[in-house]
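Architecture and fold: a report
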Amino acid sequence: MKNRTKWILLSIVILLIIFFGLYRFYLYIQEDIWQGENAAVALARQETGLVESEKVWKSVWDEVCWVVQGKNANGEEVMVWLPEGKAAVEKPLSEGVSEPQIRKIIQDKLPGINIVRLTPGIYNNQYVWQLFYKDNSHYYYRFYSFSNGESLSEMFTLPNR
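Residues numbered from 1 in each chain as written. Predicted model: local features only at pLDDT ≥ 70, side-chain atom pairs only at ≥ 80, totals over all residues. Heavy atoms only, no water.

1. Some remarks on the UniProt feature "transmembrane region" (unreviewed entry) in the protein chain
UniProt annotation of "transmembrane region" (unreviewed entry) refers to residues 7–29 when read in the numbering used here. Secondary structure across residues 7–29 comprises 100% helix and 0% strand; the distance between its end C-alpha atoms is 33 Å. (UniProt positions renumbered as here; feature names shortened; annotations may be inferred. Helix = DSSP H or I, 4+ residues; strand = E, 2+ residues; numbered from the N terminus.)

See below:
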């Protein structure tokens, strides 16, 4: 019985060490992303009237752009675009289409698709919602105008293997 107890305790210790290692690895992998998000929020607060942040996205298409959604000092919902190397642009959410609104528009126009990712960004110097989705066996990118939710004419199909 004594030998069995030692093996059980050793197994528990080994499992704890493995779980701790996996946890530390996860923190290591996510650290750069969290630092980027924190830097984007700090820059948005410094350059605009943002006082509270709710969501942060990183968009990469024509250029790298962080987008922060939050509230300004008046309590108004705003979106702040932070293109790399350029000045921040703040727009009230009331002048554009929110994430739930654009999701409804997409579901109405493209029923049955599987939305993989939906992020705000910049495309052809326009503020847009970038949709990455799967329809049947193909993946597509499509852009929707932030200001009115209209689909832009370009659609990109990713090739199958």
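2. Notes on the side chain of Thr48
Mapped onto the secondary structure, Thr48 falls in the loop between helix 1 (2–47) and strand 1 (50–60). A polar side-chain atom of Thr48 sits 2.4 Å from the main-chain carbonyl oxygen of Ala44. The contacts of Thr48, once residues within four sequence positions are left out, are Val80, Ala88 and Glu90. (Polar contact = N/O pair within 3.5 Å; in protein donor to acceptor, adjacent residues only side chain to side chain. Contact = heavy atoms within 4.5 Å.)

3. Overview of the sheet that holds strand 3 (residues 77–83)
Two modes of strand pairing occur in sheets, parallel and antiparallel, and in both the strands are linked by backbone hydrogen bonds. If you trace the four strands from one edge of the open sheet to the other, you get 1-2-3-4, paired in antiparallel fashion. Edge positions in the sheet fall to strand 1 and strand 4 (89–92), since each of these pairs with one other strand and no more. Recorded for the sheet is a direction-independent mean angle of 25° between the axes of neighbouring strands. Where strand 2 (residues 64–72) meets strand 3, seven bridges bridge the pair, whose relative direction is antiparallel. Counterpart to Gly70 in the pairing with strand 3 is Val78. Set on the sheet, helix 1 makes contact with strand 1, strand 2 and strand 3; between it and strand 1 the angle comes to about 130°. (Pairing = 2+ DSSP bridges. Axes fitted to C-alpha atoms, helices over the stretch in contact; angles between N-to-C directions.)

4. Some thoughts on unusual backbone geometry
Within the chain, Asn124 stands out as a residue other than glycine whose phi angle is a positive 50°. Taking relative accessible area as the criterion, Asn124 reaches 42% and is therefore assigned partly exposed. Although it is not a glycine, Asn125 adopts a positive phi angle of roughly 60°. Examined against the element boundaries, Asn125 turns out to sit in the loop between strand 5 (114–123) and strand 6 (126–135). Looking at Asn125, the relative accessible area reads 69%, which means it is exposed. (Buried < 20%, exposed > 50% of the residue type's maximum accessible area, 1.4 Å probe, protein only.)

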